[in-house]
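# Remarks on the overall topology
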Amino acid sequence: MLIRVTPERLDPGAAIEAVRRDEAGAIDLFLGVVRNENKGRAVDHLVYDAYPSMAEKTMRALAEEAVGRFGLGDAAVLHRTGRLEIGETSLLVAVSAGHREATFEAGRWLVHEIKRRAPVWKKEVWADGEEWIEGPESLGMERAPAAMRGS
Amino acid sequence: MLIRVTPERLDPGAAIEAVRRDEAGAIDLFLGVVRNENKGRAVDHLVYDAYPSMAEKTMRALAEEAVGRFGLGDAAVLHRTGRLEIGETSLLVAVSAGHREATFEAGRWLVHEIKRRAPVWKKEVWADGEEWIEGPESLGMERAPAAMRGS
Amino acid sequence: MTVTVLLFASLADCVGARELALPYEPGDTVASVRDRLTADHPRVAEFAPTLLYAVDEEYAEEDAPVPAGATLALIPPVSGG
Amino acid sequence: MTVTVLLFASLADCVGARELALPYEPGDTVASVRDRLTADHPRVAEFAPTLLYAVDEEYAEEDAPVPAGATLALIPPVSGG
C-alpha cells in the first residue's frame, strides 16, 4: 500500500501502478490540483504544511478502511508539501477494484476523509497577502462555535 | 478535447495533461483494465474490435454532453483496440472541474454512457475457447427480448 | 452502384467478412439492405433483434433510406470499456 | 525532563516556532501543557476551541496524560487535499 507525504512532485503513473492488480478491472485516480482562484480571489501559489508521520499514519488507516469497506484490490495516497504553483498536483488518491462502481464510490469517500482528517494545511498566497485556510470539512471545525466556522 | 480510438498503448499522463486547466482544482481519471477472470472463468486475453470513426464521434458527443451537464473544464476519452493482455488498459476517461464532486459524478456518467453507446466490442479468449461479449448495459440489448439478455 | 455494409465482432465472424459491397436498388432502406444480406447469410436473422444501424456514421431506424454509395453499419450490442 | 510541543500552520506562525521543549511537570495532561504554552503565548487561547491534540501521534482528549519525554501536537483545523 503506497502512502507518502513528500515535498517531491507527485507521479500519477506511480499511483496507478501501485494499485494495478490482475483481478482488478477498474482503477480510479483522483488528482487535487492547485487552481488559480478561490472564492473569487486570484491565487498566486499555495504552501502546504503537514505533520508528515501522523498524516501518513492517518492516510494509511483510511486507505485500509476503504479497502475493507468497498472491497478494493488496493489503495494509494500521495500528498505533496511545500510551495506549489498553479496547475501542480497536491493530492493523488488511486483505488482499484473488480468493477468500476466500487472505484468511484471509494475514491470519493477516501478523498473526503483525507481532507477531513489528515493533518495537512494549506496557505493561500495572493498578490497582496496570504492566509492559512481552515477546511470547512475539517474534524477540528466541528468543535468550533458556529460563528467561527464561516458559511 | 482529446478523443482517440487506437491500437497503441494508452498513456494516463496524456489524458491527465489534456484536461488540466488553471481553473480546475480536481481531475478524475478512470482506467478500464483487462482482468484475469470474468464470471468465474479464467481469461487469457481480450481482443477489442471497434468502428473507430463512429466510436470517436460518439465519444466526442458524450464528452461534450458531460462538459455541459457537469460544468467540466474538459474531458478526454481514449479507447484501445486489438489484442490486450491481462493488466493492460483498455479505456481512459479523464475529466476536470473546479471541485471534486463534479469530477466523480461526471467520470461515472461518462464511463457508463461510453460502455452503453460507443461501437466497441470485446472478445474474451480463454484457454479452451473464445466469445464476443454482449454488454449488459448496451443500448442494442434494450431491443432484445428479455430471454436473450441473460441475467 | 453499390452500398457498403460494415460488420463487426460476432456478426463479422458469422458472415466471414468485415466489409461487403452489395448492389444498390432504388428505394433501399436499412431493412431492405439488411434483408438482402440475410438472403445470402441466413444466420444474420438471429442477430437482427439486437442490432442497431448507422447510415454514414449516423444512427438510423430500419425504415431510413440508404442512398447509393452510402455506408450501412450493422452494430451488435456494444461491450467496450 | 521535557515535553515536546509541535505547532503547525497558523498556530506555528502565531507562536513563531514549529517545535518547543517545555518543562515536564508530574501529572501533565494535554490541557495542562497547552495552558502552560498559553501563559507564554496568550494568543494560543484563540485557537483552543478548534484544536485537536495528538500525544505521540495518537489523537488524544484534553484530559489525556502527557508523559515525560512525550510529543504533544496541537492540530488546527486541517485543510489538505
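The preceding data block contains the structure.
Residues numbered from 1 in each chain as written. Chains lettered and ligands numbered in written order. Predicted model: local features only at pLDDT ≥ 70, side-chain atom pairs only at ≥ 80, totals over all residues. Heavy atoms only, no water.

### Details of the overall build of chain A
Scanning chain A from N- to C-terminus turns up three helices and ten strands. When the helices and strands of chain A are read in sequence order from the N terminus, they spell out β-α-β-β-β-β-α-β-β-β-α-β-β. Against the globule reference of 15 Å for 151 residues, chain A gives a C-alpha radius of gyration of 16 Å, in line with a compact fold. Its C-alpha atoms put chain A at 50 × 35 × 30 Å along the principal axes. When the 151 residues of chain A are sorted by exposure, 57% land in the buried category. When contacts within chain A are restricted to residue pairs at least 6 apart in sequence, those whose partners lie at least 24 apart make up 72%. Of the roughly 6200 Å² of accessible surface on chain A, a fraction of 48% belongs to carbon and sulfur atoms. Averaged over its 21 positive side-chain charges, chain A has a centre that lies 3 Å from the centre of its 25 negative ones. (Helix = DSSP H or I, 4+ residues; strand = E, 2+ residues; numbered from the N terminus. Rg over C-alpha atoms; globule rule 2.2 N^0.38 Å. Buried < 20%, exposed > 50% of the residue type's maximum accessible area, 1.4 Å probe, protein only. Contact = heavy atoms within 4.5 Å. Areas by Shrake-Rupley, 256 points an atom, 1.4 Å probe, with all protein chains shown as cover. Lys, Arg positive; Asp, Glu negative; His and termini not counted. Charge placed at Lys NZ, Arg CZ, Asp CG, Glu CD.)

### Observations regarding the interface of chain A and chain B
With 35 residues of chain A in contact, the opposing surface of chain B contributes 35 residues. Of the roughly 2900 Å² buried between chain A and chain B, counting both surfaces, carbon and sulfur atoms make up 50%. If you sort the residues of chain A by the area they bury against chain B, Arg-100, Phe-104 and Arg-108 of chain A come out on top, with a joint share of 25%. The partner of Glu-105 of chain A in a salt bridge is Arg-108 of chain B, with the nearest N and O atoms 2.8 Å apart. The tally of links from chain A across to chain B stands at 19 residue pairs in polar contact (both at pLDDT 80 or more). Of all the secondary-structure elements, those providing two or more residues to the side of chain A that touches chain B are α1 (12-19), β2 (26-33) and α3 (100-117) of chain A. (Buried area = accessible area lost by both parts, 1.4 Å probe. Salt bridge = Lys/Arg side-chain N within 4 Å of Asp/Glu carboxyl O. Polar contact = N/O pair within 3.5 Å; in protein donor to acceptor, adjacent residues only side chain to side chain.)

### Comments concerning the sheet that holds strand β4 (residues 58-60) of chain D
Residues and elements named next belong to chain D. The five strands are arranged β2-β1-β5-β3-β4 in an open sheet whose pairing can be described as mixed. Each edge of the open sheet carries a strand with a single partner, namely β2 (19-23) and β4. Sheet twist, expressed as the average angle between the axes of neighbouring strands with direction ignored, equals 30 degrees. Where strand β3 (residues 52-55) meets β4, three bridges bridge the pair, whose relative direction is antiparallel. The residue of β4 that forms the bridge with Tyr-53 is Ala-60. Strand contacts of helix α2 (residues 30-40): β1 (2-6), β2, β3, β4 and β5 (71-75), with the helix running at about 105 degrees to β2, the strand carrying the most contacts. (Pairing = 2+ DSSP bridges. Axes fitted to C-alpha atoms, helices over the stretch in contact; angles between N-to-C directions.)

### Re the packing of aromatic side chains
Tallied over the full model, the rule gives eight aromatic pairs over all chains. Ring geometry for Phe-30 of chain A against Phe-104 of chain B: centres 5.3 Å apart, planes inclined by 20 degrees, an arrangement best described as stacked. Placement of Phe-30 of chain A in strand β2 and of Phe-104 of chain B in helix α3 (residues 100-117) is noted, with the two residues assigned to different chains. Across the pair, Phe-104 of chain B and Phe-30 of chain A agree in class, each one buried. Three or more aromatic residues link up through ring pairs in this structure, and these residues are Tyr-51 and Trp-121 of chain A together with Phe-8 of chain D. (Phe/Tyr/Trp six-rings, centres within 6.5 Å; stacked < 30°, edge-to-face > 60°.)

### Some remarks on the pattern of salt bridges
The tally for this structure, following the rule as stated, stands at 38 salt bridges over all chains. Two residues, Asp-28 of chain C and Arg-36 of chain C, come together in a salt bridge whose shortest N-O distance is 2.7 Å. Between Glu-62 of chain D and Arg-34 of chain D there is a salt bridge, with the nearest N and O atoms lying 3.2 Å from each other. Of the two residues, Glu-62 of chain D sits in the loop between β4 and β5 while Arg-34 of chain D sits in helix α2, which places them 28 residues apart along the sequence. When its relative accessible area of 10% is taken as the criterion, Arg-34 of chain D is described as buried. Salt bridges sharing common partners tie together Glu-101 and Glu-105 of chain A together with Arg-108 of chain B.

### What to know about the relation of the copies chain A and chain B
Least-squares fitting of chain A to chain B yields an RMSD of 0.0 Å, with the transformation described by 0.0 Å of translation along the axis and a rotation of 180 degrees. When the rotation and shift are considered jointly, the pair of chain copies conforms to a two-fold rotation axis. Closest approach to the rotation axis within chain A is made by the C-alpha atom of Leu-29 of chain A, at a distance of 2.5 Å. By residue overlap, the copies meet face to face through one surface: 100% of the interface positions of chain A are interface positions in chain B. (Least-squares fit on C-alpha atoms with pLDDT ≥ 70 in both.)

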